[in-house]
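Residue strings, one per chain:
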Amino acid sequence: MSVDATAVTTSRNPAWARRRRALHHFARQFWASRPGRIGLLLLLVFVALALAAPLLADRSGLDTAVARADGVPQWASPSEHPPLGTDYLRRDVWAQFVWGSRISLFVGLAATVVTIALGSAVGIVSGFIGGWTDSVLMRVTEWFLVIPFLPLAIVLASVLGRSIWNIIFVIGVTSWPSTARLVRAQVLTVKQRLFVDRARSLGASRTHVVLKHILPNVSGLILANATLAVPISILTETTLSFLGLGDPRKPSWGKTLVEAFENGAITLRAWWYFVPSGIGILLVVLAFTLIGQTLERIADPRLGGRR
Amino acid sequence: MNAAYVTKKVVGAFSTLLFVLVINFFLFRVVADDPFGSLLRGSRVPTDKVEQLRSDFGLDEPTWKQFVLYLRQTAQLDFGLSFQTRQPVWDDIQGKIWPTVLLVGVSAILSALIGVVGGFIAAWRRGSATDYSITSSTMVFYSMPDFWLGMLLLYAFAIVLPWFPVGGMTDLRSNATGLGAVWDHARHLFLPGLTLTLAYLGEYAIVARSSLLDVMGEDYLTVARAKGLRDVNVRRRHAVPNALLPVVTLAAINFGFVLSGAIAVETVFSWPGLGRATTDAIRGPDLPMLQALFLIFSAAVIFFNLLADLLYAWLDPRVGT
């Protein structure tokens with residue numbers, strides 16, 4: 001009698017209906033978490049800021065020559081030059097904040113893509129193939145895990161030179177090992193599950209098993225791990241910039257902080273120069289951490305009680 | 001803890017150290033086929049000096065010979081001459097170890113103590129307002145760049161409220177001795193120490209909290225309560241000792257960063273340690289200095305990691321058999 005809509009779709013395309021239900025369930029679980037909600041809203045604010053940069057602040061505010069021609073003073077306080085004053089080169093601090101959000105978010109996301117791609121590849125290969133491949137890969141992972149991350153990044157960045165792509169590469173190359181370990185452990189447990197044996201006994205190839213059975217089952221964990229890798233990437237970019245290894249042509253938040261510090265903003269009491277960028281970093285890092293922890297808890301319910 | 005476990009860990013540590021040496025060697029001398037050219041890009045170093053350096057480093061020899069030479073020199077703590085001071089790098093570094101160990105060591109101990117106590121309190125009162133405020137404030141400190149926190153504290157407590165010195169380790173004008181010198185040191189140490197303590201605190205609090213929450217679910221606590229033990233005794237005698245295990249490991253690992261843990265913060269407070277030396281070496285760029293610093297930072301981390309592994313196996317007999 002009651003053949004409802006879901007039942008019909010289920011019979012027509014069970015896989016898609018299951019995926020949609022899973023997604024719906026996932027979204028509900030996510031929204032039920034208060035930290036998750038706060039993180040998501042914070043992130044949306046900053047993504048909107050980065051996307052709407054041309055509407056919010058004129059890029060010419062970053063140009064010393066234009067500012068000089070317009071008679072903008074140096075070190076103008078927020079009341080003299082709203083909303084956030086100017087720096088030692090007469091540049092608009094609000095414009096630096098708005099345009100800097102693009103660079104910081106971009107570096108954070110791009111470096112995470114490199115980290116996750118490297119880490120997942122090593123983790124899946126190592127866990128799935130096993131044997132001496134596993135031993136060798138895990139030995140290398142162990143090496144990279146123990147070597148202090150920031151000094152290695154500094155050394156790599158010094159040798160490669162100052163560019164945004166080098167920074168992305170350096171962060172990716174230095175932070176993949178923890179992802180690799182996590183993914184490997186998960187692959188090892190998934191590999192033992194019955195459906196993998198079943199697929200193999202039906203004649204599925206290795207590639208098929210990895211793509212259709214292993215990967216979907218570790219993807220939740222990879223996503224959570226990726227979200228938690230973004231804040232680390234953003235903080236690393238900031239620190240490398242502060243140490244003088246940032247891209248000199250890109251107005252990132254880290255670059256604003258190092259310029260403020262080196263040109264004496266602290267002793268000149270120009271708080272408007274170094275406070276906004278720091279708050280931007282803090283909030284974006286917080287947003288990704290909150291989202292990542294929520295995703296991690298959904299992907300691995302055993303963590304539920306701990307956070 | 002049996003001999004095989006110890007051997008395995010020690011061999012692992014040595015292989016990591018060797019890997020660091022290989023990275024150090026290849027990165028600086030082979031990856032860029034003209035290492036000096038790429039490092040000196042943009043800086044004005046006379047050509048004859050570059051040629052001099054090339055032969056100093058034996059860059060006309062085959063790679064493996066250079067590597068063997070490099071290993072031998074490193075074993076003798078010969079890291080070459082600093083580009084900046086023209087002194088042997090090791091002489092330069094030696095004097096900078098103590099300030100860093102003092103600053104990071106004090107902060108590491110304080111942050112471990114405060115963080116662990118905070119984390120345990122939060123876990124024991126899980127879901128309360130105390131838990132909420134401890135967890136969220138540690139999250140905030142954990143999310144900011146440590147050097148930015150340093151800049152804020154410097155601005156607030158050295159400039160706006162001139163209570164503390166703006167930087168350095170001692171007041172050059174004072175010639176105080178004894179207690180006066182100690183007081184002078186402490187005043188200079190306060191702000192960078194506070195910065196690092198706040199920055200490290202979060203990790204300890206998070207680990208301590210989740211560790212105690214794990215333990216609180218264990219059967220032996222139910223048994224302890226069923227025996228009629230009071231809450232205080234259950235906590236002190238049964239929960240806390242077991243929950244301390246992961247914290248001890250974390251502390252041992254973190255002590256590995258006693259040399260490299262304050263690179264950016266030392267720069268903010270002009271603290272005359274290894275971190276500040278790193279920033280100076282980057283700006284130079286001072287290649288031999290950077291190489292030596294990377295090696296020393298890594299060696300410290302590798303050593304304390306090994307220590308953490310052995311300590312863990314000793315404390316928890318289930319591991320290391």
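Above: the structure in question.
Source: prediction; values computed, not measured.

Observations concerning helix α12 (residues 206-242) of chain A
Residue and element names in this part refer to chain A.
- When the terminal C-alpha atoms of α12 are compared, their 46 Å separation across 37 residues is substantially less than the 54 Å that a helix rising 1.5 Å per residue should span.
- Considering bend angle alone, the principal kink of α12 is centred on L215 and spans about 50 degrees; proline P216 follows within four residues of it.
- Positioned one or two residues after α12, G244 has a phi angle of 95 degrees, which is positive.

Remarks on the pattern of salt bridges
All names here are of chain A.
- The tally for this structure, following the rule as stated, stands at 9 salt bridges over all chains.
- Of the charged contacts, one joins E259 and R91 as a salt bridge, the two residues approaching to 2.8 Å between their closest N and O atoms. On the criterion of sequence distance, the pair formed by E259 in helix α13 (residues 253-262) and R91 in the loop between α5 (64-69) and α6 (93-129) is long-range, its members being 168 residues apart. Like E259, the residue R91 is buried in the burial classification.
- A salt bridge links R181 to E142; the nearest nitrogen and oxygen atoms lie 2.6 Å apart. One end of the pair, R181, is in helix α10 (residues 177-191); the other, E142, is in helix α7 (residues 131-146), with 39 residues separating them in the sequence.
- Here R181 falls in the partly exposed class, since its relative accessible area comes to 38%.
- Given a relative accessible area of 23%, E142 falls into the partly exposed group.

Focus on the packing of aromatic side chains
- The tally for this structure, following the rule as stated, stands at 24 aromatic pairs over all chains.
- When the ring of F242 of chain A is compared with that of F147 of chain B, the centres are 4.0 Å apart and the planes differ by 15 degrees; the resulting orientation is stacked. Taken together, the residues span two chains, with F242 of chain A in helix α12 and F147 of chain B in helix α7 (residues 146-160).
- With 5.3 Å between their ring centres and 85 degrees between their planes, F303 of chain B and F304 of chain B make a pair best called edge-to-face.
- Taken together through their ring pairs, the aromatic side chains of F46, W94, F97 and W253 of chain A make up a single cluster.
- Over the face of the ring belonging to W16 of chain A we find R19 of chain A, whose NZ or CZ atom lies 5.1 Å from the ring centre.
- When the ring centre of W31 of chain A is taken as origin, the NZ or CZ atom of R37 of chain A, which lies over that ring, is 5.9 Å away.

Looking at a nonpolar patch on the surface
Residues and elements named next belong to chain B.
- Judged by side-chain polarity, V106, I109, L110, L113 and I114 come together as a nonpolar surface patch covering roughly 420 Å² of accessible area.
- Summarising the element assignment, I114 is placed in helix α5 (residues 89-124).
- Residue class for I114 comes out partly exposed when judged on its relative accessible area of 46%.

Some remarks on the interface of chain B and chain A
- Across the boundary between the two partners, chain B contributes 48 residues, which contact 46 residues of chain A.
- Of the roughly 4300 Å² buried at the junction of chain B and chain A (both faces included), carbon and sulfur atoms supply 76%.
- Along the contact surface separating chain B from chain A lie 1 salt bridge.
- As a salt-bridge pair, R283 of chain B and E262 of chain A come within 2.1 Å of each other at their nearest N and O atoms.
- Taken together, the links from chain B to chain A amount to 6 residue pairs in polar contact (both at pLDDT 80 or more).
- Within the residue set of the side of chain B that touches chain A, elements represented by two or more residues are α1 (3-31), α2 (35-39), α6 (129-143), α7, α8 (179-216), α11 (263-268), α12 (274-283) and α13 (287-315) of chain B.
- Classifying every residue of the side of chain B that touches chain A gives 31 nonpolar, 12 polar and 5 charged.

Rules used throughout
- Residues numbered from 1 in each chain as written.
- Chains lettered and ligands numbered in written order.
- Predicted model: local features only at pLDDT ≥ 70, side-chain atom pairs only at ≥ 80, totals over all residues.
- Heavy atoms only, no water.
- Helix = DSSP H or I, 4+ residues; strand = E, 2+ residues; numbered from the N terminus.
- Expected span 1.5 Å × (residues − 1).
- Bend = angle between axes of the 7 residues up to and from the residue.
- Salt bridge = Lys/Arg side-chain N within 4 Å of Asp/Glu carboxyl O.
- Buried < 20%, exposed > 50% of the residue type's maximum accessible area, 1.4 Å probe, protein only.
- Phe/Tyr/Trp six-rings, centres within 6.5 Å; stacked < 30°, edge-to-face > 60°.
- Lys NZ or Arg CZ within 6 Å of the ring centre and 35° of its normal.
- Patch = residues over 30% accessible without salt bridge, like charges linked within 9 Å, V, L, I, M, F, W, Y side chains within 5 Å.
- Areas by Shrake-Rupley, 256 points an atom, 1.4 Å probe, with all protein chains shown as cover.
- Contact = heavy atoms within 4.5 Å.
- Buried area = accessible area lost by both parts, 1.4 Å probe.
- Polar contact = N/O pair within 3.5 Å; in protein donor to acceptor, adjacent residues only side chain to side chain.
- Nonpolar A, V, L, I, M, F, W, Y, C, P; charged D, E, K, R; others polar.

By themselves these figures say nothing about function.
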